[in-house]
Amino acid sequence: MKETEQLHGAASRFSEMKILIIDDELSNVALLEDLLSGSGYTNVKSILDPRLTLETCKEFAPDVVLLDLRMPHMDGFAVLEALRANDRGAFLPVIVLTADIDAQSKYRALRAGATDFLLKPLDHLEVLLRMGLFMERRRIEYELHNEKEKAEAASAAKDRFLAMASHELRTPLTPVLIWASGTAQEPDLSPNLQDGLKMICRNVELEARMIDDMLDLTRITRGKLGLYRRPADAHELIGHAIDIVRSDIEARHLNLRLALDASEHKLRVDSARLQQVFWNLLRNACKFTPEQGTIAIRSFNDGPEKICIEISDNGVGLEPQSLEKIFNAFEQVDSRKEGLGLGLAISKAITEMHGGTIRARSEGLGKGTTFAVTLAVENESIERDHLTEGTDAEKSEPNRNES
Ligand SMILES: Nc1ncnc2c1ncn2[C@@H]1O[C@H](COP(=O)(O)OP(=O)(O)O)[C@@H](O)[C@H]1O
Ligand SMILES: [Mg+2]
């Protein structure tokens, strides 16, 4: 097959692609139009006045632009800059047509966003070959762009579904829990029935907690998790979190060591949310540490303005490649244990929303894990500033129903 025939083939594949020619000289435009339409490109538009570029691009939405450099009113460099300032979505190739171009102008055009150059007088075959290349690139970009849009739509649909499903799944649990825990308190129940009711409560609570995690995750991904910052005490929050897991610690005969040495431990945080972070870390420490293991909690000031809280265990440990991944939603190293793999993702988001950091370290499998949460402390002077700047929303009692 002759080269020109091949090019015709290429052009026919791309024949609907739109080409915009910007050149003030009618003879150049006519030549290019003939060449392109003669090669099968059916969607060619030309403008002689470069000031019409943006307007034309908006209407015509070209796939490739052929641009002259030397034009009255607005030169090619200015057109390039205007086009690039206006670039949205898929990349638009702009090919500069020029008679003789010195190195400086070439660099200037490239910096302004030129994709390539074609020298005048135009070599017809070269023009067509290059058009084919740009069209191919443009087509690939289109496909990527479409795939990305599809993936984003699917992900948004998944988020919406998760939010709705969690909400619907959570609602029926409340009356079950209220009735079962109330009835379990009744004095003349047979021990059998009482144990049964307690078992129901434990499992419904577990399920409710997992669904609450899913709800939190959907709030985080949709940017709808609100924080209600108030003065709080880091050591008190740790104490509350310990209270929740105390029965777990006792049941598994774990040793708990506390060294809360930070002298500055005042915070300005959403207490319930931050307590959730400490509770998640403690729950994990209990879950991933064998019976009779040790959990250590310590706090210290990392400079006068920071407090670091470390929760360590001597349990199963983590390999280096897992240390970052475990903060991703649904990521679990060993999914046989109870849980959805959301606790750390939620904890990371909450900590970062407070301007803090959360990190994990481990010497390796079997060598225990340490989670370190660092937060800004709120000393007196900072607190006073906040009080004067506090907004009305901050002062009023929060509505926790953020979904
Ligand atoms: N203290 C820990 N020791 C070892 N691995 C841990 C520890 N905490 C978390 N991990 C790992 O990180 C994963 C994610 O934790 P998390 O987000 O809390 O989800 P879940 O507890 O539901 O599995 C866990 O499944 C586990 O593999
Ligand atoms: Mg967990």
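This text follows the structure it describes.
Overview of the structure.

Cut-off values and rules
Residues numbered from 1 in each chain as written. Chains lettered and ligands numbered in written order. Predicted model: local features only at pLDDT ≥ 70, side-chain atom pairs only at ≥ 80, totals over all residues. Heavy atoms only, no water. Phe/Tyr/Trp six-rings, centres within 6.5 Å; stacked < 30°, edge-to-face > 60°. Lys NZ or Arg CZ within 6 Å of the ring centre and 35° of its normal. Helix = DSSP H or I, 4+ residues; strand = E, 2+ residues; numbered from the N terminus. Buried < 20%, exposed > 50% of the residue type's maximum accessible area, 1.4 Å probe, protein only. Near = heavy atom within 4 Å. Polar contact = N/O pair within 3.5 Å; in protein donor to acceptor, adjacent residues only side chain to side chain. 1 Å grid on protein atoms, 1.4 Å probe; cavity = no way out; pocket = protein on both sides within 12 Å on 5 of 7 lines; lining within 4 Å. Sits in = over half its atoms within 2 Å of the grid points. Nonpolar A, V, L, I, M, F, W, Y, C, P; charged D, E, K, R; others polar. Points joined across faces, edges and corners; volume = space filled by probe spheres on them. Arc of directions from axis to C-beta. Contact = heavy atoms within 4.5 Å. Pairing = 2+ DSSP bridges. Axes fitted to C-alpha atoms, helices over the stretch in contact; angles between N-to-C directions. Right-handed = clockwise from strand over helix to strand, strands pointing away. Core = buried A, V, L, I, M, F, W, Y, C linked by side-chain atoms within 4.5 Å. Left-handed = near helix turned anticlockwise from the far one by under 90°.

## A closer look at the packing of aromatic side chains
Summed over all chains, the structure comprises one aromatic pair. Directly above the ring of Phe60 sits Lys18, whose terminal nitrogen or CZ lies 5.7 Å from the centroid.

## Considering unusual backbone geometry
Among all residues save glycine, negative phi is the norm, and among peptide bonds the norm is trans. Cis rather than trans, the peptide bond between Lys120 and Pro121 has omega equal to -5 degrees. Along the chain, Pro121 falls in the loop between strand 5 (116–119) and helix 6 (124–170). Its identity is not glycine, yet Gln292 carries a phi of approximately 70 degrees, on the positive side. Relative to the elements of secondary structure, Gln292 occurs in the loop between helix 10 (271–287) and strand 9 (294–301). You can call Gln292 exposed: its relative accessible area is 59%. Located in the positive-phi region is Phe330, a residue other than glycine, with phi close to 70 degrees.

## Points about the site of ligand 1
Within the structure, ligand 1 sits among 19 residues, and Asn284, Lys287, Gln332, Gly341 and Leu344 are positioned closest to it. At a separation of 3.2 Å, an oxygen atom of ligand 1 approaches a polar backbone atom of Leu340. With respect to the pocket detection grid, ligand 1 is positioned in the largest pocket. Elements with a minimum of two residues in the shell around ligand 1: helix 10, helix 12 (343–353) and strand 12 (369–376). The class makeup of the residues in the shell around ligand 1 is nine nonpolar, seven polar and three charged.

## A look at the layout of surface pockets
The computed volume of the largest pocket comes to approximately 1,100 Å³. Along its surface, the largest pocket is lined by 41 residues, and Arg283, Asn284, Lys287, Phe288 and Glu338 are the ones closest to its centre. Of all the secondary-structure elements, those providing two or more residues to the lining of the largest pocket are helix 8 (191–221), helix 9 (234–251), helix 10, helix 12 and strand 12. Counting residues per element, the lining of the largest pocket draws most heavily on helix 10, which supplies seven residues. Tallied by class, residues from the lining of the largest pocket come to 18 nonpolar, ten polar and 13 charged.

## Re helix 3 (residues 53–60)
What helix 3 keeps buried is the set Thr53, Thr56, Cys57 and Phe60. The arc that holds every buried residue of helix 3, seen down its axis, measures 100 degrees, which confines them to one face. Of the exposed residues in helix 3, those oriented more than 90 degrees away from the buried face are Lys58 and Glu59. Those residues of helix 3 that are buried lie in contact with strand 1 (18–22), strand 2 (43–47) and helix 4 (76–85).

## Here's the deal with the sheet that holds strand 2
Ordered by their spatial adjacency, five strands build an open sheet running 2-1-3-4-5, and the pairing between neighbours is parallel. Edge positions in the sheet fall to strand 2 and strand 5, since each has one partner strand and no second. Between one strand and the next, the sheet's axes are offset by a mean angle of 20 degrees, whatever the strand orientation. When strand 1 meets strand 3 (residues 64–68), the two strands line up parallel, connected through four bridges.

## Focus on the pairing of strand 5
Alignment of strand 4 (residues 94–98) against strand 5, held across four bridges, turns out to be parallel. For Ile95, the partnering residue across the bridge sits in strand 5 and is Asp116. Taken together, strand 4, helix 5 (residues 103–112) and strand 5 form a β-α-β motif whose crossover is right-handed.

## Looking at the nonpolar core
Within the largest apolar cluster, 43 residues are counted, with the highest numbers of intra-cluster contacts made by Leu267, Leu274, Phe278, Leu281, Leu282 and Ile307. No other element matches helix 10, which puts eight residues into this core. When near neighbours in sequence (up to four residues on either side) are disregarded, Leu267 contacts Arg230, Pro231, Ala232, Ala234, Leu237, Leu274, Ile307, Leu375, Ala376, Val377 and Glu378. Leu20, Phe60, Met74 and Leu92 belong to the second largest nonpolar core, which has 22 residues in total.

## What to know about the pairing of strand 4
Buried residues dominate strand 4, accounting for five of its five residues. Here strand 4 shows a buried face lined by Val94, Val96 and Thr98 and a second buried face lined by Ile95 and Leu97. Bridge count for strand 3 against strand 4 is four bridges, and the pairing is parallel. Opposite Val65, over in strand 4, you have Val94 as the bridge partner.

## So, the sheet that holds strand 9
Spatially, the five strands line up as an open sheet ordered 7-9-10-12-11, and their pairing is mixed. Taken across any chain shown, the strands that pair with only one partner, and hence form the sheet edges, are strand 7 (255–260) and strand 11 (357–362). The average angle at which neighbouring strand axes cross in this sheet is 15 degrees, direction not considered. Where helix 9 meets the sheet, its contacts fall on strand 7, strand 9 and strand 10 (306–313), and the angle it forms with strand 7 comes to roughly 175 degrees.

## Describing helix 12
Three- or four-residue spacings in an α-helix give side chains the same orientation, since the helix completes a turn every 3.6 residues. Of all eleven residues in helix 12, eight are buried, a share of seventy percent or more. Along helix 12, the residues classified as buried are Gly343, Leu344, Ala345, Ile346, Ser347, Ala349, Ile350 and Thr351. Each element contacted by the buried residues of helix 12 is listed here: helix 8, helix 10, strand 11 and strand 12. After helix 12 finishes, the residue Gly355 shows a positive phi value of roughly 80 degrees.

## A few points about the packing of helix 6 against helix 8
Between helix 6 and helix 8, the least distance of the axes is 9 Å, while the angle of their chain directions is 145 degrees. Our pair here, helix 6 against helix 8, has a crossing hand that is left-handed. Across the interface between the two elements, Asp159, Leu162, Ala163, Ser166, His167, Leu169 and Arg170 from helix 6 touch Ala208, Ile211, Asp212, Met214, Leu215, Leu217, Thr218 and Thr221 from helix 8.

Read these as spatial facts, not as claims about activity.
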